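# Summary of structural features
Residue-level listing of the chains:
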Amino acid sequence: MNQADLTFVDGLIERIGQNPDAVIPILQAIQEHYRYLPREVLERVCEISEITPARIEGVATFYTQFRHRPAGEHTIRVCVGTACHVQGAGAVHDGFCRHLDIPPDDDTDAAGVFTVEKVACLGCCSLAPVVQIGDVTYGHLSGDTAADAVRDFLNLQSRRVHRKARPVEPGAEVGEIRISLDTCCIARGCGAVYEALCEAVARSGARASVKRVGCTGMSYITPLVEVVLPGLPPSLYAGVKPEDAEAIVLRHFRPGGIMRKIKTSASHILENILTDDAWEPVTRYSTDVREAIISEFTGPQKRIATEQAGSADPADLDEYISGGGFEALRKCTDELSPEQVIDEITRSGLRGRGGAGFVTGLKWLHVRQAHGEKKYIICNGDEGDPGAFMDRLLLESQPYRIIEGVVIAAYAVGADEGIFYIRAEYPLAIKRMTDAIEQCRQRNLLGPKLRLRIVPGAGAFVCGEETALIASIEGRRGMPRPRPPYPAQSGLNGKPTLVNNTETFSMVPWIIRNGAGAFSDTGTDLSKGTKVFALAGRVVRGGLVEVPMGITIHEIVEQIGGGIIDSKAFKAVQIGGPSGGCIPASLADTPIDYESLVGVGAFMGSGGLVVLDETDCMVDIARYFLAFTQDQSCGKCTFCRIGTRQMLDILNRICSGEGRGDDLERLEHLAGAVGKSSLCGLGKSAPNPVISTLRYFRDEYEAHLAGVCPAGVCKDLIKYVITDDCIGCTLCAQHCPADAIEMKPHEKHEIDVEKCIRCGTCMRVCPADAIKVE
Amino acid sequence: MPHLMIDNRKVEVADGETILDAAKKLRIEIPTMCFLEGVRANASCMLCVVKVEGLAGLVPACATLARDGMKVQTDTDEIRTARTDALELLLSDHLGDCVATCQSACPAGLNIPLVLRQIAAGQTGDADGASEIPCDDCPAPCERACRRKQFDSPVSIRALMQYAAAAGLVVQPSGPDNRRRFSVHIGRLQEGEIEQFLAGTNRGGRIEPSDDGLTEDQARDEARRCMHCDCRKADACKLRYYAELYGAKARRYKGERRSFVQNREHPDVIYEPGKCIACGLCVRIAEDAREELGLTFIGRGFDVRVTVPFDRSIAEGLKTTALQCAAACPTGALSQR
């Protein structure tokens, strides 16, 4: 390590501080600079700060975000979220490693160009299986197309040009072109479409403003562009490509200035586009918001938490205020005492949206009543479930609204310091929140005393648990501790602390503005209001949905989700991610509320909702979630540390056809023990996916014990065979990455079972549908 | 001042005291491993779980604050099962021999490794008090069981026992009959593991005794060939004690077997990470004593380990608290040499 390198650290400590609390931000800055955590640099940190070697090593090895060996120039992030998992993320990951010749115990290719990482969820479930290379997103990949993605990325790198969008002159607009720009939309190319729209407007002189808005919820058809003209119904375009931008602009707006003169030729161009065979005509993507599909998607929904997402510019404070923003706060501070605010929230029946469903008003009351001058408030945005991206979209789409919720809560409980704990994997959310806090501060919207700041989480699912989250903010390993004492009595730095989920805070301004009664009118007896879900998996339409409590699973899957893709048989929904469970199709009439879900063995969780069909193996699903929780266990208590590992060993055994006679009993016993005696919520709920699948799909477990995977998913229990339908085209042999098929033109091919790695490539490329799974 | 009921008996505790504190007042014994008076509780081993009326599941008594009106049960079937589960899970990831293979094989259960350590250290006893030993006519199954033979040839245990007896060292079984007690065993060594055992031993070949037995020098050299496979905490290990008390089965859960590691860098203590139950007592003791480097947990989940930061040696990590940590360690992971 040379002198210059250590200068960075010295400057960093000077900037961030020597306090042990700062250890996580310090490590994050080091990693950003060096792309990993070099030992010498960490030792230097200990020399010049109050951070001890034990602290820095403990923390640096606890969080997933931190690397201890150099990373490649570009990172390939393979999403292994639930939706991607069921659609073959494992094969995609293997495909990249195979193509880049990365050995199993490594993650970076020999030349140091690419590092392949698995990430919990990129939040683009409708593109599954999805991968990000650098800042480019590739969707619908498979093991064999991984190589194409790498080539395409390298190709793109070599001829990358930065387009600059020209802004429109303000004040001249007659209409608005809206495009949602949150992470998953950007991942699907909305950024390029936005730039193209800006360019098209500037070039044509159209009197339109191009406006970025938050998430519309309709992930399955992004990039989504909405053209709003006064007095006309809005026009919606789905799946827009940058090259369509000009046509859309010209279709709705009269060109101005010089462009007017060439309008005729422009129309000409438009006609060309519409008829050009090489391009899909732009009208093909156009969908009217009132047409069946979209209205079914939006119809049964009710927007409270996501009220303005999709219509407002997330960064525009004036727009938020003119739409009624901060009215609720003003009502609180001008008209209501803190006790009255708490009373209003209590009467609304709002319960924590993080999963456990504790009554929000009661939690607030406990913090209000706790003794102490100093009180904290924490917004939990550490959304780590695979298959959940509600918090991210809320933070990205309506930062001011969440801030308003937090400021109201701070007023109610008497807190003077607020912290937004947001995953570092959500850079856009962090940026928008940072900017929004600054805007609010400048306009004196936070009140005289309240200080707000952001703490980026470093990748640990267990930090969603409030005591672990607090440990993490204090700069320690994210280990939970037993409650009581609850954070309401003794939380951050030993002071009374209110911890609520992002979605919960997002509900608060609506409740204050519309009244507790309006909120509690929606929902069921014990579960009031709405819940935001990330709908994904085998449904036709996936995305963010906000539904009234009490809606049935059936309504979500069939009406909002549009049913199962390819008319396959609906088998189950997985609700609540790693803490939740699988509810079989036979119980699809179950209403979505806290108690009903627990009754059928699931859990509200933070709101992942993955739909499964007949091609999904329930034992594999259970194993998938257990592998996740096992990996995310903090390792503190015996039951979670070793118990979940033992359960995973058994499930691995069952999935590989080596299950033993008493394995199911053992599994059940362990599930009971881990659930009953683990220290925190992560451990206590970890067995849920196993318990619920054992309860409803025991026959599938038994089939595995007998050596059969009924859905044909578990690699060790299936084999691919070529039927007599083979036309001898040799495509399978050409594409097989394992050389398991000998090329025999015009003859029936055969698969060498010994060599076959069961990646499914042959089945995908076969034009004659002649490959079957046995 | 909270009042609570434990096993249907009333007790009053001070604010901030735990269920475990309250139980102690009533002389109700709750088993603990990761808890030590004076060190802040960690709630890791979960052996102290109890049932609190109205709370779902079980909670650790050592770290759960006593609250007014609590009703606690400390010894029901449900609790005993949970404790047995905890012990069996810990045992599935606990690598070592409670009793050395030679001692397990000895018909008299003599504490062979202890005697060999005394010989190697040059200790002598009272020559007049030479003890009677049953070794003279014994076919020495101890030597057949001796692990050293996996490297070269077994230690001349019988000759060393005879030497020790003649030299007046006390040669007797250790405590209660170790062979009948609950024990865990490593079983077959994996490739390369023998090197861990050989560290610090005399790598010379076996010394066969002459008709007059071993000379003092020979005895010392031969005794230094012993690899000390026994656990130094065989009688003080809480995991073993409670496994016995709760009738836990050592092999109920089998897991991926770690590699055996024995760290002898420290002059006072031996560290065997395979025996560590990650209770964190040593980490906290070193931290509280402001050891410059101390110990830390690295990794998380199943792979969590206790090590010295930055891969430094145990000797650098534990400069002042090594013996205190070894005494506090509930298993043989950290033991006095």
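Everything quoted here is computed from the prediction, not taken from an experiment.

Criteria and cut-off values
- Residues numbered from 1 in each chain as written.
- Chains lettered and ligands numbered in written order.
- Predicted model: local features only at pLDDT ≥ 70, side-chain atom pairs only at ≥ 80, totals over all residues.
- Helix = DSSP H or I, 4+ residues; strand = E, 2+ residues; numbered from the N terminus.
- Buried ≥ 20, exposed ≤ 12 C-beta atoms within 10 Å, placed from the backbone.
- Contact = placed C-beta atoms within 7 Å.
- Nonpolar A, V, L, I, M, F, W, Y, C, P; charged D, E, K, R; others polar.
- Domains from an automatic or database assignment.
- Pairing = 2+ DSSP bridges.
- Axes fitted to C-alpha atoms, helices over the stretch in contact; angles between N-to-C directions.
- Left-handed = near helix turned anticlockwise from the far one by under 90°.
- Core = buried A, V, L, I, M, F, W, Y, C linked by C-beta atoms within 7 Å.
- Parallel < 35°, antiparallel > 145°, perpendicular 65-115°, else oblique.

### Brief notes about the overall build of chain A
- Helix and strand counts for chain A stand at 33 helices and 20 strands.
- Within chain A, buried positions represent 55% of all 774 residues.
- Sequence separation of 24 or more characterises 73% of the internal contacts of chain A that already satisfy a separation of 6 or more.

### Some points on the overall build of chain B
- In terms of regular secondary structure, chain B is built from twelve helices and nine strands.
- Seen through its C-alpha atoms, chain B measures out along the principal axes to roughly 75 × 45 × 40 Å.
- A total of 337 residues make up chain B; the buried ones form 48% of that total.
- In chain B, of all internal contacts separated by at least 6 residues, the share reaching a separation of at least 24 is 71%.

### What about the interface of chain A and chain B?
- Listed by partner, the interface residues are 33 residues for chain A and 37 residues for chain B.
- When residues of the side of chain A that touches chain B are traced back to their parent elements, those giving at least two are α3 (39-48), α4 (53-60), α26 (618-632), α27 (638-655) and α28 (663-677) of chain A.
- Taken together, the residues of the side of chain A that touches chain B sort by class into twelve nonpolar, nine polar and twelve charged.

### A few points about the domain arrangement of chain B
Residue and element names in this part refer to chain B.
- Assigned domains of chain B: these are domain 1 (3-75), domain 2 (101-223) and domain 3 (257-336).
- Distance from the C-alpha centre of domain 1 to the C-alpha centre of domain 3: 28 Å.
- Counting residues at the interface gives eight residues for domain 1, matched by nine residues for domain 3.
- Considering only residue class, the side of domain 1 that touches domain 3 consists of five nonpolar, two polar and one charged.

### Section: the sheet that holds strand β4 (residues 59-60) of chain B
Residue and element names in this part refer to chain B.
- Across the sheet, which stays open at both edges, the five strands sit in the order β2-β1-β5-β3-β4 with mixed pairing between neighbours. Strand pairing shows two members of the sheet lacking a second neighbour, β2 (9-12) and β4, which therefore form its edges.
- Where strand β3 (residues 49-52) meets strand β5 (residues 71-73), two bridges bridge the pair, whose relative direction is antiparallel. From the neighbouring strand, V52 faces β5, where its bridge partner is V72.
- Strands β3 and β5 of the sheet are contacted by helix α2 (residues 77-92), whose axis makes an angle of about 150° with β3.

### Regarding the sheet that holds strand β2 (residues 114-119) of chain A
All names here are of chain A.
- Spatial ordering of the open sheet is given by β2-β1-β3-β4, a layout of four strands whose pairing is mixed. Edge positions in the open sheet fall to β2 and β4 (136-138), since each of these has one partner strand only. Strand after strand, the sheet turns through a mean of 20° between neighbouring axes, direction not considered.

### Quick notes on the domain arrangement of chain A
Residue and element names in this part refer to chain A.
- Under the domain assignment used here, chain A contains domain 1 (3-60), domain 2 (74-158), domain 3 (175-290), domain 4 (317-520), domain 5 (530-705) and domain 6 (719-774).
- Each of domain 4 and domain 5 has a C-alpha centre, and these two points are 29 Å apart.
- Residue-level contacts link 24 residues of domain 4 with 25 residues of domain 5.
- Taken together, the residues that form the side of domain 4 that touches domain 5 break down as 13 nonpolar, five polar and six charged.

### Observations concerning the packing of helix α18 (residues 390-397) of chain A against helix α20 (residues 427-442) of chain A
Residues and elements named next belong to chain A.
- Two numbers describe how α18 lies on α20: the axes approach to 8 Å, and their chain directions differ by 35°. The hand of the α18/α20 crossing is left-handed. Here R392, L395 and E396 of α18 come into contact with α20, specifically with L428, A429, R432 and M433.
- Tallied by class, residues from the contact of α18 with α20 come to four nonpolar, no polar and three charged.

### Points about the nonpolar core
- Counting 334 residues, the largest nonpolar core has A:L197, A:I408, A:A409 and B:L160 as the members making the most contacts within it.
- Tallying contributions element by element places helix α19 (residues 399-413) of chain A first for this core, with eleven residues.
- One finds A:A733, A:C736, A:I751 and A:C762 within the second-largest nonpolar core, a separate group that totals eleven residues.

### Quick notes on the pairing of strand β13 (residues 497-501) of chain A
All names here are of chain A.
- With five of its five residues buried, β13 lies for the most part within the structure.
- Residues T497, V499 and N501 line one face of β13 and the alternating positions L498 and N500 line the opposite face, and both faces are buried.
- Strand direction decides the pairing type here: strand β10 (residues 376-381) and β13, joined by five bridges, are parallel. The residue bridging C379 from the neighbouring strand is N500, located in β13.

### Re the packing of helix α15 (residues 327-335) of chain A against α19(A)
Residue and element names in this part refer to chain A.
- As a packed pair, α15 and α19 sit with axes 9 Å apart at the nearest point and diverge in direction by 10°. Classified by the angle between their axes, α15 and α19 sit roughly parallel to one another. Contacts from A328, L329, C332 and T333 of α15 reach α19 at E404, V407, I408 and Y411.
- Along the lines of polarity and charge, the residues of the contact of α15 with α19 split into six nonpolar, one polar and one charged.

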